[in-house]
Amino acid sequence: MLEETLKWRSIYKPEEIRWHEVAHEGETGKVSRADFHDRHGRTVLIMRPGMQNTTSAEDNVRHLVYLLENAILNLPEGQEQMSWLIDFTGFSLNTSVSVKTSREIINILQNHYPERLAVAILYSPPRVFQALWKAVKYFLDPKTFQKVKFAYPKNKESVELMKTFFDVENLPSEFGGKATLKYDHEEFSRLMAQDDVKTAKFWGLDEKPQNIMNAIEDRGDIESM
């Protein structure tokens, strides 16, 4: 597995992906790093499949890989895992990623980021999701499958489950908490640009903050034309 991951990283080069390359995928906030941690201090990724805004499978996967790397970069000392919160508000099969793309994401997570996931909470998935889940769950290995939890509003067991992993004061109301979930793409882009500098430094790549900010601004200029 280690050999395969080293080979994958040498080809895919996840540490070289920069925010300005995938920022268009994140305009709606369909995947973002939360500004809070779970009760164990783990980085939290918030996923909102109902906010899907593109159709490129390759770019969707690249965007997620970037945020996996970013989540790991922001893990506190002594912590090696992250948590996922998945909000199904607005979800439909018409806008969801394909089973093929879902399988690719699962393979990358299981094969190249083993044991990085602590828990993935699927919050209030609609009945239409069951069709996709039936197809996707068979791609999960037993360990990963056990980390997937379903939670529903006003369900006593679900409330207790969320309290086990999260402080309700920090948890967004979309997940039964008391906080407000706001995604500001411009502000998030600024944070990611700063993290890109940290990533470059960590991997020994020579990049300057101004170069990254210029790339983001150039991208915005191109997309506004």
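All residue numbers here refer to positions counted from 1 along the written sequence of the relevant chain. Thresholds applied to this predicted model are a pLDDT of at least 70 for local features of residues and 80 or more for the giving and counting of side-chain atom pairs; totals over whole chains, interfaces and linings are not thresholded and use all residues. By convention in this description, side-chain values take in all heavy atoms of the structure and omit both hydrogens and water.

An unreviewed UniProt entry annotates the protein as CRAL-TRIO domain-containing protein originating from Carya illinoinensis.

**Q** Any details on the side chain of Q79? Residues and values, ideally.
**A** Only DSSP runs of H or I reaching four residues or more are called helices, and only runs of E reaching two or more are called strands; each is numbered from the N terminus. With respect to the secondary-structure elements, Q79 resides in the loop between α3 (57-73) and β3 (82-87). For Q79, a relative accessible area of 18% gives the class buried. A distance of 3.1 Å separates the side chain of Q79 from the backbone nitrogen of Q81, its partner in a polar contact. It only takes one pair of heavy atoms within 4.5 Å for two residues to be counted as in contact. Among residues more than four places away in sequence, those in contact with Q79 are H40, G41 and R42. To sort residues, take the accessible area from a 1.4 Å probe on protein chains only and compare it with the maximum for the residue type: under 20% means buried, over 50% means exposed, and anything in between is partly exposed. Under the rule applied, a polar contact is a pair of N or O atoms within 3.5 Å (in protein, one hydrogen donor and one hydrogen acceptor; residues adjacent in sequence only if both atoms are side-chain atoms).

**Q** So, the nonpolar core: which residues are in play, and what are the values?
**A** Nonpolar core, defined: a set of buried Ala, Val, Leu, Ile, Met, Phe, Trp, Tyr and Cys residues in which side-chain atoms within 4.5 Å join the residues together. In this structure, L45 and W84 are the most contacted members of the largest nonpolar core, which totals 36 residues. Of all elements in the fold, only α2 (19-22), β2 (43-47), α3, β3, α4 (99-112), β4 (117-123), α5 (129-136) and α8 (185-202) reach the threshold of two or more residues within this core. With seven residues, the top contributor of residues to this core is α3. With residues near it in sequence (within four places) discarded, W84 still touches L45, M47, L68, L109, L117, V119, A120 and I121. Core analysis: the second largest hydrophobic core is formed by 16 residues, A34, L85, I121 and F165 among them.

**Q** Just give me the short version of empty space enclosed by the protein, but keep the residues and values in it.
**A** With a 1 Å grid spanning the protein atoms alone, the term cavity applies to any set of points in which a 1.4 Å probe fits but cannot get out, the term pocket to an open set with protein on both sides within 12 Å along at least five of seven lines, and the term lining residue to any residue with an atom within 4 Å of a point. Grid points are joined across faces, edges and corners, and a volume is the space filled by probe spheres set on the points. Per the stated rule, a full pass over the model turns up one cavity of 30 Å³ or more. As a volume, the largest cavity reaches approximately 690 Å³. Every residue lining the largest cavity is counted, 30 residues in all, and those nearest its centre are M47, I86, V97, S102 and I105. Where the lining of the largest cavity is concerned, the elements lending two or more residues are α3, β3, α4, β4 and α5.

**Q** Give a detailed account of the pairing of β4, specifying residues and quantitative values.
**A** Counted residue by residue, β4 has seven buried out of seven residues, so it is predominantly covered. One bridge is not enough; two strands pair if DSSP finds at least two bridges between them. Bridge count between β3 and β4: six bridges; the pairing is parallel. By the bridge assignment for β4, W84 is matched with A120. This β-α-β element, β3 to α4 to β4, shows right-handed connectivity. Examined bridge by bridge, β4 and strand β5 (residues 148-151) share four bridges and lie parallel to one another. Looking across to β5, one finds that Y123 is bridged to A151. By the criterion used throughout, a crossover qualifies as right-handed when its path from the first strand across the helix to the second strand runs clockwise, the strands pointing away from the viewer.

**Q** Talk me through the packing of aromatic side chains; I want residue IDs and the actual numbers.
**A** Side-chain rings of Phe, Tyr and Trp, where Trp is taken by its six-membered ring, are said to pair if the distance between their centres is within 6.5 Å; with planes under 30 degrees apart they count as stacked, over 60 as edge-to-face, and otherwise as tilted. Here the structure, examined in full by the defined rule, presents 15 aromatic pairs. When the centroid spacing of 5.1 Å and the interplanar angle of 15° are considered together, the rings of W8 and Y12 count as stacked. Here Y12 and W8 lie together in helix α1 (residues 2-12), a separation of four residues that amounts to about one turn. The class of W8 is buried, set by a relative accessible area of 14%. Between W133 and F150 the ring centres are 5.4 Å apart and the planes differ by 75°, which places this aromatic pair in the edge-to-face class. On the criterion of sequence distance, the pair formed by W133 in helix α5 and F150 in strand β5 is long-range, its members being 17 residues apart. Here the aromatic cluster, defined as three or more aromatic residues joined through ring pairs, consists of F88, F91, F129, W133, F145 and F150.

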